[in-house]
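Spelled out, the chains give:
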Amino acid sequence: MSEETIKSLLTEERSFPPPADFVKRANAKDESIYEEGKNPEAFWENRAKELTWFKPWDKVLEWDLPFSKWFVGGKTNITVNCLDRHVEAGRGDKVAFYFEGEPGDRKAWTYAELLTEVKKFANVLKGLGVEKGDRVTLYLGMTIELPIAMLACARIGAAHTIVFGGFSPDSIRDRVEDSQSKVVVTADGGWRRGNVVPLKANIDKALEGSTPIQKCVVVKRTGDALPIEMQEGRDLWWHELMADASDDCPPEEMDAEDLLFILYTSGTTGKPKGIAHTTGGYMVGAATTTKYVFDLHDDDIYWCTADIGWITGHSYITYGPLMNGATGVIFEGAPNFPDKGRFWDIIQHYKVTIFYTAPTAIRAFMGWGTEWPEKYDLSSLRLLGSVGEPINPEAWMWYHEVIGHEKCPIVDTWWQTETGAIMITPLPGVTTTKPGSACRAFPGIDVAVVDEDGKEVGPGGGGFLVIKSPWPSMLRTVYGDDERYKQVYWSRFPHLYFTGDGCKVDEDGYLWLMGRVDDIMLVAGHNISTAEVESALVSHETVAESAVVGRPDPVKGQAISAFVTLKQGVDSSDELLKELRNHVATKLGPIAKPAEIHFTADLPKTRSGKIMRRLLRDIAGGKTLGDTTTLADPSVVESLRAQYEKQES
Ligand code: WT7
C-alpha cells in the first residue's frame, strides 16, 4: 500500500454502527463479551464447556513459551461436536450442506446422512490400515467427499493433510513426504468453467518412484469426461469401498492435544511449513469464532466461498459451521461460469443469509459491473464477511452498497493458517465498523502493534502486528520441526507471536492491516513465497538466477513479477519466456505463474550478495527508487529500470 492510501485510511470518517434489528437477536449484543474476554483462560474455558467432551480437562492452559497445551487432560472427538451431538438432539434431519455442483447437480445432505457417510468412510480408512496417529492426504475438489473424508479421519484419530486441488504433482509429493501419509484420497477430476481438471493424474505423477503412500482412494466425479488409470493393488474406487462399509464406527477418544490436522503453507525459505493443529483448542476456537463472528442462528443459510483446501475452508466451511449446527453451501466451480451472475444466482436460489468471501473476488465483481448482482434477489442476505487480504475502502463500500443493500454488517476478519481461527474482526452486533479496518481483537485474544524493538505503539502509530498471549486454536508447531516453529514465529520478538503483517492503529484504537512485511506475496488471496517461485525458475536449465517480487495488482492484490538472468550462451526470446512461465506453473501450480518475466543481465545485490528485492518491487510497482547506497553496483538498477520502462510501454 502506498503512503497515500495509508494516510487516507487513517482519516477514514465513515462509520457504520450495527443495525438496530440486527443487534436485537445477535449472539453478542454488547461490550460484555469483551469484558469477559479480559480473562482469556476463563473466557475460553466457558466456551469449551458449551461443547461435548468424554472427559473434562484438568487444566485450561499449560504455557511453556512458545509451546502451549490447552484443555490439558481433556478427551473429546471433534466429529461428535460436528455431527453426533446434533443428531442425538433430534436435529438429524436438518440440512448440513447443500452441495452445488458445477454441471448443475444439486444435493442436500442432512446431519444424519453426513454422520452415516463419515462413519462408513472412517471404516473404509480403517480397512486400508489407517490407525490413530497416522496421516492421510486429501487431494480433492469441492465435493461432499472432501468434508466426509476429513471428518472420517478425525473420527478415527488420523490427521488429515489437505492439498489444494490446484497444486502440482511436485507440491503434492513434498507434502506427502513431509507428512509421511499412508493413504491418499482423490477424485478422477473436478469441474471448473465447463472443463474437467485432472486430479488423479497429478497423484499418479506425485507418487512415481518411492512414496510412503500405500493406498489411493478415488472418487468418481467426472467419470467418462476424464478416463483415468487405476493401478492394481494401490488404487481403489470410493463408491466400491463405501458400498460394503459398515456405518457403525464409534468415535476415537482423542486427547485435547492430539494432532487433528496438518495444513501446509508457504515459507520464505521455499520449503512449505506443515502447520500443526491439535484437537481441543482448535475445536473451541473454531466453534466460538463461528458463533460470534457469523452470528449463526438456526434459520441461517451460510455460504463461505473458499476452498476447503485452505484454512478458511477447514475452519469456516467444515468444522466451525458444523459445530454450530448450521446449514452451509458447498460450491464447486467458478464465479464467472456459466456467467458472471453465478454467485448471486446461488444466493438467490438457497436464500443465503450469511456470505463470506475474499477481497480479490469482490474487486473482480466490481470490475464486472453492478448489472450482474442487480439481476438477482439478494434480499435474504443479512451479514457479509471478508477474508484473505486487506479490503480497500472502495471495495468495502461497494460490498456494503451493491451486495449488502446498506443493511448488512460487514465483518472483515483477519487471521492466518497458523492462528487456526479469526483473531481480529468486528462483532456484527456490537462493533461500529469503518470501511477497510478489521477493527479489533476477538474477545480473549491479546494482540498489539509494536515497533522494531517490540515496544507497543500508541494510537496513530504503526508497526508489526503481534499476538501477546497464547490462544486455543494456535498452531502447536511446524510439523516435525520445532526449531523452525521457534525461528519463524518467536524469534523476531522473543515473547511475542510474530504474524509477519504490518499494521496501523488509528486514534480510536482500530486496527488497519497493511499486508506482509516479509517476502510472501499474496496473489488472489493465496500466499506464495518469492523463494518458492525463484527456486522453480532456477530449476529450469536455461536460468542462472532469478529474483521474484509481488507488484500491486488491482484485481489480485499482488501479481508475480520475476527478474531472470539466463545462463551464458542462452538467448532470451518470447518462446523461452512462455516456457519459463509454464515451467513455474507445472512446478508449483497455475496460481504461482509469474504475470511477467524480465530478462536482465544482472540483479541488484548488496555487497554481501543478498538480492535487494525492495528495489525490484519499486521498479515493478513503478515507484521512485529508495536508498540504493548499499548496492554492490548501482548501475545495475538504473539499466534495469530503463529496460523495464521500455518493455512496459
Ligand atoms: C495472511 C494469512 C486466514 C485466511 C486466509 C489466508 C492476510 C488474511 C486478512 C484480512 C488483511 C489479511 C495476512 C495474513 N490476511 N486476512 N482480513 N486483512 N490481511 O490464510 O494463507 O495463512 O494467509 O493473509 O497477510 O498474514 P493464510
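Conventions used here
- Residues numbered from 1 in each chain as written.
- Predicted model: local features only at pLDDT ≥ 70, side-chain atom pairs only at ≥ 80, totals over all residues.
- Heavy atoms only, no water.
- 1 Å grid on protein atoms, 1.4 Å probe; cavity = no way out; pocket = protein on both sides within 12 Å on 5 of 7 lines; lining within 4 Å.
- Points joined across faces, edges and corners; volume = space filled by probe spheres on them.
- Nonpolar A, V, L, I, M, F, W, Y, C, P; charged D, E, K, R; others polar.
- Core = buried A, V, L, I, M, F, W, Y, C linked by side-chain atoms within 4.5 Å.
- Buried < 20%, exposed > 50% of the residue type's maximum accessible area, 1.4 Å probe, protein only.
- Helix = DSSP H or I, 4+ residues; strand = E, 2+ residues; numbered from the N terminus.
- Near = heavy atom within 4 Å.
- Polar contact = N/O pair within 3.5 Å; in protein donor to acceptor, adjacent residues only side chain to side chain.
- Areas by Shrake-Rupley, 256 points an atom, 1.4 Å probe, with all protein chains shown as cover.
- Pairing = 2+ DSSP bridges.
- Axes fitted to C-alpha atoms, helices over the stretch in contact; angles between N-to-C directions.
- Contact = heavy atoms within 4.5 Å.
- Right-handed = clockwise from strand over helix to strand, strands pointing away.
- Arc of directions from axis to C-beta.

J.: Sorry, what's going on with empty space enclosed by the protein here?
T.: In this approach the atoms are scanned with a rolling probe the size of a water molecule, which exposes any empty space left behind. A full pass over the atoms with the stated rule returns two cavities of 30 Å³ or more. Computed from the structure, the largest cavity encloses a volume of approximately 40 Å³. If you go around the largest cavity, the residues you meet are Asn-77, Ile-78, Ala-154, Gly-157, Ala-158, Met-254, Leu-259, Leu-260 and Thr-279. A breakdown of the residues in the lining of the largest cavity according to their chemical character gives six nonpolar, three polar and no charged.

J.: Is there a simple way to think about the nonpolar core in this case?
T.: Within soluble globular proteins, side chains that are nonpolar tend to cluster in buried spots. Core analysis: the biggest nonpolar cluster contains 131 residues, and Phe-71, Phe-121, Phe-294 and Tyr-319 have the highest contact counts within it. The element best represented in this core is helix α7 (residues 145-156), accounting for nine residues. In this structure, Trp-344, Ala-361, Leu-381 and Trp-398 belong to the second largest nonpolar core, which totals 29 residues.

J.: Quick question: what am I supposed to make of the site of the ligand here?
T.: As a matter of local geometry, the ligand sits amid 17 residues, with Asp-412, Thr-413, Thr-417, Asp-501 and Arg-516 nearest to it. Between the ligand and Asp-412 there is a distance of 2.8 Å, counted from a nitrogen atom to a side-chain nitrogen or oxygen. Contact between the ligand and Thr-417: an oxygen atom at 2.6 Å from a side-chain N or O atom of the residue. Burial of the ligand by the surrounding chains reaches 95%, relative to a free accessible area of 550 Å². Per-class residue counts for the shell around the ligand are seven nonpolar, six polar and four charged.

J.: Is there a simple way to explain the sheet that holds strand β24 (residues 497-505) in this structure?
T.: Strand pairing in a sheet relies on backbone hydrogen bonds, with the paired strands running either antiparallel or parallel. What the four strands build is an open sheet, ordered β21-β22-β24-β25; its pairing is antiparallel. Each end of this open sheet is capped by a strand with a single partner; those strands are β21 (447-450) and β25 (511-516). Neighbour to neighbour, the strand axes of the sheet diverge by 45° on average, direction disregarded. Pairing geometry for strand β22 (residues 462-467) and β24, over five bridges, is antiparallel. What sits directly across from Val-466, in β24, is Phe-498.

J.: I'm lost on the environment of Pro-359 in this one. Help?
T.: Inspection of the secondary structure puts Pro-359 in helix α14 (residues 359-368). As for Pro-359 and Val-387, which are separated by 28 residues in sequence, their C-alpha atoms are 6.9 Å apart. With residues near it in sequence (within four places) discarded, Pro-359 still touches Ser-386, Val-387, Glu-389, Pro-390 and Ile-391.

J.: Sorry if this is basic, but what is going on with the pairing of strand β17 (residues 327-331) here?
T.: It is a general feature of regular strands that their side chains alternate between the two faces of the sheet. For β17, the tally of buried residues reaches five of five residues, placing the bulk of the element in the interior. Side chains Thr-327, Val-329 and Phe-331 project from β17 onto one buried face, and the interleaved Gly-328 and Ile-330 project onto a second face that is buried too. For strand β4 (residues 95-100) and β17, the ladder comprises four bridges, and the chain directions are parallel. Along β17, the bridge assignment pairs Phe-99 with Ile-330. You can see the chain leave strand β16 (residues 301-304), run along helix α12 (residues 311-323) and come back into β17, and the turn it takes is right-handed.

J.: Is there a simple way to explain helix α8 (residues 169-179) in this structure?
T.: Helical periodicity: at 3.6 residues per turn, an α-helix aligns residues three or four positions apart in one direction. For α8, the set of buried residues is Pro-169, Ser-171, Ile-172, Arg-175, Val-176 and Ser-179. In an axial view of α8, the angular spread of the buried residues amounts to 160°, which keeps them on one side of the axis. Elements in contact with the buried residues of α8: β6 (135-139), β7 (159-162), α9 (200-206), β14 (259-265) and α19 (574-588). Looking one or two residues past α8, Gln-180 carries a phi angle of roughly 55°, positive in sign.

J.: I keep staring at unusual backbone geometry and nothing clicks. Help me out?
T.: Excluding glycine, residues mostly carry a negative phi; peptide bonds, for their part, are mostly trans. Residue Pro-66 follows Leu-65 across a cis peptide bond; omega there is 0°. At Asp-295, a residue that is not glycine, the phi angle is positive and equals roughly 50°. Along the chain, Asp-295 turns up in the loop between α11 (279-293) and β16. For Asp-295, a relative accessible area of 1% corresponds to the buried category. Of note in the backbone geometry, Lys-351 takes a positive phi value of approximately 55° without being a glycine. Within the secondary structure, Lys-351 sits in the loop between α13 (342-350) and β18 (354-357). With relative accessibility at 56%, the residue Lys-351 sits in the exposed group.

J.: What am I meant to see in the sheet that holds β4 here?
T.: An order of β5-β4-β17-β16-β18-β19-β20 is seen for the seven strands of this open sheet, with the pairing classed as mixed. Every interior strand has two partners, whereas the edge strands, β5 (106-110) and β20 (410-413), have only one. Going from strand to strand, the sheet's axes swing by 20° on average, the running direction of each strand aside. As defined by bridge partners, strand β19 (residues 383-387) adjoins β20 across four bridges and the pair is classed as parallel. If you follow Ser-386 over to β20, its bridge partner there is Asp-412.

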